[in-house]
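Structural description and commentary
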Amino acid sequence: MMYLWNYVDGTLKEASDGGWFPVHEPATGEVYAMAPDSRAEDIDAAIEAALSAFSAWSTSAAAERSRLMHRIADLMQTRLEDFAQAESRDTGKPVWLARMIDIPRAIDNFRFFAGAILHSSSEAHQTDTIALNYTLRQPIGIAGCISPWNLPLYLFTWKIAPALAAGNCVVAKPSEITPATASLFAEICMEARLPAGVLNIVHGSGENVGAAITTHPDIAAVSFTGGTATGATIARNAAPLFKKLSLELGGKNAALVFADCDFEETVETVVGSAFSNQGEVCLCSSRIFIERPLYERFRDAFVERVRELTVGDPLDDSTRQGALISPQHMEKVLSYIALAREEGGRILCGGERVQLEGRCAGGAFFSPTVIEGLPYNCRTNQEEIFGPVATLLPFDSEAEVLTMANATRYGLAASVWTSNLTRAHRVAAALQAGIVWVNCWMLRDLRTPFGGMKQSGVGREGGWEALHFFTEAKNVCIKL
Ligand code: NAP
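A quick note: this is a predicted structure, and the numbers were derived from the prediction, not measured.

When helices and strands are counted, the chain shows 14 helices and 25 strands. For 480 residues, the compact-globule estimate of 2.2 N^0.38 gives 23 Å, and the chain sits close to it at 23 Å. Taking the principal axes of its C-alpha atoms as reference, the chain extends roughly 65 × 65 × 40 Å. By the burial criterion, 58% of the 480 residues in the chain qualify as buried. Within the chain, residue pairs in contact and separated by at least 24 positions form 75% of the contacts whose partners lie at least 6 positions apart. On the chain, roughly 18800 Å² of surface is accessible, and the fraction owed to carbon and sulfur atoms is 54%. The positive charge centre, built from 41 side chains, and the negative charge centre, built from 55, are 4 Å apart in the chain.

Before going further, it helps to examine the site of the ligand. In the region of the ligand, 30 residues are neighbours, and Ser-147, Trp-149, Thr-230, Leu-249 and Glu-384 sit closest. The contact in question runs from an oxygen atom of the ligand to an N or O atom on the backbone of Gly-206, over 3.2 Å. A distance of 2.5 Å separates an oxygen atom of the ligand from a polar atom in the side chain of Glu-384. Burial of the ligand by the surrounding chains reaches 87%, relative to a free accessible area of 890 Å². If you list the elements that add at least two residues to the shell around the ligand, you get α7 (206–215), β11 (219–225) and α8 (228–238).

This part takes up the packing of aromatic side chains. Applying the stated rule across the entire model yields 13 aromatic pairs. Ring geometry for Tyr-3 versus Trp-20: centroids 5.0 Å apart, planes at 80 degrees, classification edge-to-face. On the criterion of sequence distance, the pair formed by Tyr-3 in strand β1 (residues 2–3) and Trp-20 in strand β4 (residues 20–24) is long-range, its members being 17 residues apart. Given the relative accessible area of 41%, Tyr-3 is considered partly exposed. Following the ring pairs from residue to residue traces out a cluster consisting of Phe-263, Phe-275, Phe-298 and Phe-302. One cation-aromatic arrangement involves Arg-105 over Trp-158; the distance from NZ or CZ to the ring centre is 4.6 Å.

A word on the domain arrangement of the chain. Assigned domains of the chain: these are domain 1 (2–249 + 456–479) and domain 2 (253–447). The centre of domain 1, based on its C-alpha atoms, is set 30 Å off from the matching centre of domain 2. Each partner contributes to the interface: domain 1 provides 33 residues, whereas domain 2 provides 32 residues. Counting each side, the surface lost to burial between domain 1 and domain 2 is near 2400 Å², with a carbon and sulfur contribution of 58%. If you sort the residues of domain 1 by the area they bury against domain 2, Trp-96, Trp-149 and Ser-456 come out on top, with a joint share of 22%. Where domain 1 packs against domain 2, one counts two salt bridges. Residue Asp-317 pairs with Arg-99 through a salt bridge whose shortest N-O separation is 4.0 Å. Summed over the shared surface of domain 1 and domain 2, the number is eleven residue pairs in polar contact (both at pLDDT 80 or more). When residues of the side of domain 1 that touches domain 2 are traced back to their parent elements, those giving at least two are α3 (80–91), α4 (95–116) and α5 (152–165). Here the side of domain 1 that touches domain 2 takes eight residues from α4, the largest share from any one element. Class assignment of the residues belonging to the side of domain 1 that touches domain 2 gives a composition of 13 nonpolar, 13 polar and seven charged.

Of all hydrophobic cores here, the largest spans 97 residues; its most connected members are Val-171, Phe-185, Leu-199 and Leu-283. When residues of this core are assigned to their parent elements, the largest contribution, ten residues, is made by α5. Of the residues that make up this core, three or more belong to each of domain 1 (2–249 + 456–479) and domain 2 (253–447). Discounting residues that sit within four places of it in the chain, Phe-185 has contacts with Ile-72, Met-76, Phe-83, Phe-110, Leu-153, Phe-156, Thr-157, Ile-160, Leu-199 and Ile-201. Counting residues in each nonpolar core, the second largest holds 24 residues, with Val-257, Cys-261, Phe-302 and Val-370 among its members.

Attention now moves to the sheet that holds strand β25 (residues 471–479). The strand order across the open sheet formed by three strands is β6-β7-β25, and the pairing between neighbours is antiparallel. In this open sheet, the two strands that pair with only one neighbour each are β6 (124–127) and β25. Across the sheet, the mean angle from the axis of one strand to that of its neighbour is 25 degrees, orientation sign disregarded. Pairing geometry for strand β7 (residues 131–139) and β25, over nine bridges, is antiparallel. Bridging from a neighbouring strand, Asn-133 pairs with Cys-477 of β25.

Attention shifts here to the pattern of salt bridges. A full pass over the atoms with the stated rule returns 24 salt bridges. Taking the shortest distance from any N to any O, the salt bridge between Arg-111 and Asp-74 comes out at 2.8 Å. You can see Arg-111 sitting in helix α4 and its partner Asp-74 sitting in helix α2 (residues 62–78), a full 37 residues away along the chain. Taking the shortest distance from any N to any O, the salt bridge between Arg-299 and Glu-372 comes out at 3.3 Å. One end of the pair, Arg-299, is in helix α10 (residues 295–307); the other, Glu-372, is in strand β18 (residues 369–372), and 73 residues separate them in sequence. A residue is classified by how much of its surface remains accessible, and Arg-299, at 18% relative accessible area, is buried. Each of Glu-25, Arg-89, Asp-313 and Arg-359 takes part in salt bridges that share partners, so that together they form one network.

Quick notes on the rules
- Residues numbered from 1 in each chain as written.
- Predicted model: local features only at pLDDT ≥ 70, side-chain atom pairs only at ≥ 80, totals over all residues.
- Heavy atoms only, no water.
- Helix = DSSP H or I, 4+ residues; strand = E, 2+ residues; numbered from the N terminus.
- Rg over C-alpha atoms; globule rule 2.2 N^0.38 Å.
- Buried < 20%, exposed > 50% of the residue type's maximum accessible area, 1.4 Å probe, protein only.
- Contact = heavy atoms within 4.5 Å.
- Areas by Shrake-Rupley, 256 points an atom, 1.4 Å probe, with all protein chains shown as cover.
- Lys, Arg positive; Asp, Glu negative; His and termini not counted.
- Charge placed at Lys NZ, Arg CZ, Asp CG, Glu CD.
- Near = heavy atom within 4 Å.
- Polar contact = N/O pair within 3.5 Å; in protein donor to acceptor, adjacent residues only side chain to side chain.
- Phe/Tyr/Trp six-rings, centres within 6.5 Å; stacked < 30°, edge-to-face > 60°.
- Lys NZ or Arg CZ within 6 Å of the ring centre and 35° of its normal.
- Domains from an automatic or database assignment.
- Buried area = accessible area lost by both parts, 1.4 Å probe.
- Salt bridge = Lys/Arg side-chain N within 4 Å of Asp/Glu carboxyl O.
- Nonpolar A, V, L, I, M, F, W, Y, C, P; charged D, E, K, R; others polar.
- Core = buried A, V, L, I, M, F, W, Y, C linked by side-chain atoms within 4.5 Å.
- Pairing = 2+ DSSP bridges.
- Axes fitted to C-alpha atoms, helices over the stretch in contact; angles between N-to-C directions.

Now the structure itself:
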């Protein structure tokens, strides 16, 4: 049995009360590791370590923080395969996907903010001939970073990299479902000689460790990615303490396919946008609107491609769909298939558990599912399923598709597929989503603002937005 550890004050530690929780491999259903079942006392110790480290770290030269962050990125690169194997084992995602996307992106997150901090600047405002104002952007103090299970290291580093680059110390909690790569990351930080207390990683449940972070008076800012319901709880907990909050929450993303799109490329990319990572990406398209003249042709080609997505062992390079994160999550997905049937949907492919043989016989595998015949406002088309399920809906006009696409409480991402540039601009502007892709999906530039509207979130990550979130702006006014 493998043991994972907390990383507090520069050393690896077990939970203060000696408790452990089991870590499962979704592809086999087996417990393969134990992680510290930490409590509020462990968060107290982490915050104490962070407070002790803050003075030196926050006043260190940006170039020194940048150098250390590049060193961490270099070390991650040397252990890329270990990280990819650990991520795949913890999440059930294909190992090739972790190797090609998750881990390289985690490395890029560190490199990006290590560079950005050397190029940051702030504003100056001259008030006629009377005064000169300049803005100081100072580290905020101790930041709490809480991340989910679907892209564990990718999203964990997306938070801690800007927080550290800006001169904060961090107390971070990965999802209890996927603690492995954060644990490996702690080893890298020790090897890179990150000063003790600058980053602290505490494993445990949201109820114990997450809540302790969001209610602790010494945590000045909380950056959270996860479900909308958890985001609401965190907002309630943090509000009386006036913490700065960044919330990246759920989505129910629309793809708008117009009849003049590049057909082959659109089918290919929209299949990827719906089923990448088993549909367990907040940005996945789950509602696909197709202009009526193209509907049947698109549907048939789409379903044919989806049927070709091999469900299999995440270790096998030919696997396109690995395991869902847990049997409980699979039950949730199944309950939505039953709901879709009740609501009058026709299952065009998938819709059931896949039973594999051998090593993966106990895994949570599910066939990628396409459904048609549902109204845009039914529950299946309104609630986040967060699995390999996409619905197809025809539309007759631009106005109609915008009404349907915008008719959810979410507003994270959308994609538009058309060769009409004027329409692309018009539709992009009218969509209620924080991120709109035109003729592409998941094409990311880390400088751009990233986040959701409506109940998909509050605030933006990425580029200067992240560095601004993790700093406090102070205006200094000098009378001339
Ligand atoms: P989740 O259940 O909300 O959990 C997210 C994190 O919050 C986990 O670390 C969880 O800990 C912790 N947590 C749970 N309850 C808490 C509490 N009361 N106080 C503080 N922390 C608490 O979400 P998930 O199931 O891991 O992730 C899936 C969701 O994340 C989906 O809704 C997806 O759309 C969303 N997501 C959004 C984005 C985005 O950028 N907008 C990106 C990825 C995922 P435990 O795991 O230990 O319970």
